[in-house]
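Residues per chain, in single letters:
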Amino acid sequence: MFALIERLHKKDEFALREVIHVYGGYVKAIVLKVLQPNQTAIEECINDVFHIIWQKSYQFTGNEDDFKKWIGVIAKYKAIDTYRALQNKPKTTELFPSISSVNALPESIVEEKLQKEQLFIKILGLNKTDQEIFLLKYYLGYSNGEIAEIFDISKAAVENRLYRGKLKLKEEMSWGVSR
């Protein structure tokens, strides 16, 4: 594991600054792609991404290339969540919403977030190649053809890996529900 990740694990603030310096443009490009017209949301989302990286750095294991992919997945996932939240945000003229309306989250939204997090964790449990294929396909939006080129395999091989991975994830998710 490279030194920057080790320093992040130890909660070295200078390591976070270095991550922001090195990967800031990468994160911004991903977030911009999803949240383009809303500058305030873009800035907040980028801050949230680096906050998540800071908080969850202990979960990362791998090399520098894997770290960049991990950051990319976090950025894409957070940008999509932010976009959805903006779409679901009620249009109101109320200057000071009531405290109860701010704190009230429908259980379905909370449940959906938990399921997404569980699925993401399950994806990280796949073998390294399948994990990368899933992240590229479903979190970063690459096409099967693009993924095939990256891994120097056929498009059919990518589709087979995605199919088998979905079956495995579905089985694991249903196991988690019945326990």
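1. Examining the overall build of the protein chain
Looking only at helices and strands, the protein chain features nine helices and zero strands. Starting at the N terminus, the α and β elements of the protein chain follow one another as α-α-α-α-α-α-α-α-α. Across the protein chain, contacts joining residues at least 24 apart in sequence account for 62% of those joining residues at least 6 apart. Surface exposure of the protein chain reaches about 12,000 Å², of which carbon and sulfur atoms provide 55%.

2. Topic: the nonpolar core
The tendency in soluble globular proteins is for nonpolar side chains to be buried side by side. Grouped together as the largest cluster of nonpolar side chains are 28 residues, with contacts concentrated most on L8, V19, V27, V31, I53, F67 and I71. For this core, the secondary structure elements donating two or more residues are α1 (3-9), α2 (13-35), α3 (39-56) and α4 (64-88). Here this core takes nine residues from α2, the largest share from any one element. Of all hydrophobic cores here, the second largest spans 16 residues; its members include I123, L135, I147 and L169.

3. What to know about the packing of α2 against α3
At a closest axis distance of 9 Å, the pairing of α2 and α3 adopts a crossing angle of 135°. Judged on the interaxial angle alone, α3 and α2 are oblique. Two packed elements cross with a definite hand, and for α2 against α3 that hand is right-handed. On α3, the residues touching E13, L16, V19, I20, Y23, G24, V27, K28, V31, L32 and L35 of α2 are A41, I42, C45, I46, V49, F50, I53 and W54. Across the contact of α2 with α3, the residue classes break down as 16 nonpolar, one polar and two charged.

4. Let's talk about unusual backbone geometry
The phi dihedral of K11 falls on the positive side, at around 60°, and the residue is not glycine. By relative accessible area, K11 is classed as partly exposed at 36%. Phi angles above zero are rare outside glycine, and D152 is one such case at about 55°. With a relative accessible area of 72%, D152 lands in the exposed category.

5. A closer look at the pattern of salt bridges
A full pass over the atoms with the stated rule returns six salt bridges. For E18, the salt bridge is made with R7, and the minimal N-O distance between the two is 3.1 Å. Note that E18 is positioned in helix α2 and R7 in helix α1, a separation of eleven residues in sequence. For E18, a relative accessible area of 34% translates into the label partly exposed. Connected through shared salt-bridge partners, R7, D12 and E18 make up one network.

6. Quick word on the side chain of N144
Tracing the chain through its elements places N144 in helix α8 (residues 144-151). A distance of 3.0 Å separates a polar atom in the side chain of N144 from a polar atom in the side chain of K137. Once you skip the residues sitting within four places of it in the chain, N144 turns out to touch K137, K155, V158, E159 and L162.

7. Observations concerning the environment of F14
Residue position: F14 is located in helix α2. Judged by relative accessible area, F14 falls into the exposed class, the value being 56%. F14 sits ten residues away from L4 along the chain, and the two C-alpha atoms are 9.5 Å apart.

8. Some words on the packing of aromatic side chains
Under the criterion given, the structure shown has four aromatic pairs. Relative to W70, the ring of F60 lies with its centre 5.3 Å away and its plane at 45°, an arrangement referred to as tilted. You can see F60 sitting in the loop between α3 and α4 and its partner W70 sitting in helix α4, a full ten residues away along the chain. Look at F60 and you get buried, because its relative accessible area is 4%. Since its relative accessible area comes to 8%, W70 is described here as buried. Pairing F67 with W70 gives two aromatic rings, centres 5.8 Å apart and planes at 25°, and the pair type is stacked. One end of the pair is F67 and the other is W70, both in helix α4 and three residues apart, which spans about a single turn. With respect to class, F67 is no different from W70; both count as buried. Ring pairs connect the aromatic residues Y23, F60, F67 and W70, which therefore count as one cluster. One cation-aromatic arrangement involves K11 over W54; the distance from NZ or CZ to the ring centre is 5.0 Å. The aromatic ring of Y26 is capped on one face by K68, whose charged end is 4.8 Å from the ring centroid.

Criteria and cut-off values
- Residues numbered from 1 in each chain as written.
- Predicted model: local features only at pLDDT ≥ 70, side-chain atom pairs only at ≥ 80, totals over all residues.
- Heavy atoms only, no water.
- Helix = DSSP H or I, 4+ residues; strand = E, 2+ residues; numbered from the N terminus.
- Contact = heavy atoms within 4.5 Å.
- Areas by Shrake-Rupley, 256 points an atom, 1.4 Å probe, with all protein chains shown as cover.
- Core = buried A, V, L, I, M, F, W, Y, C linked by side-chain atoms within 4.5 Å.
- Buried < 20%, exposed > 50% of the residue type's maximum accessible area, 1.4 Å probe, protein only.
- Axes fitted to C-alpha atoms, helices over the stretch in contact; angles between N-to-C directions.
- Parallel < 35°, antiparallel > 145°, perpendicular 65-115°, else oblique.
- Left-handed = near helix turned anticlockwise from the far one by under 90°.
- Nonpolar A, V, L, I, M, F, W, Y, C, P; charged D, E, K, R; others polar.
- Salt bridge = Lys/Arg side-chain N within 4 Å of Asp/Glu carboxyl O.
- Polar contact = N/O pair within 3.5 Å; in protein donor to acceptor, adjacent residues only side chain to side chain.
- Phe/Tyr/Trp six-rings, centres within 6.5 Å; stacked < 30°, edge-to-face > 60°.
- Lys NZ or Arg CZ within 6 Å of the ring centre and 35° of its normal.

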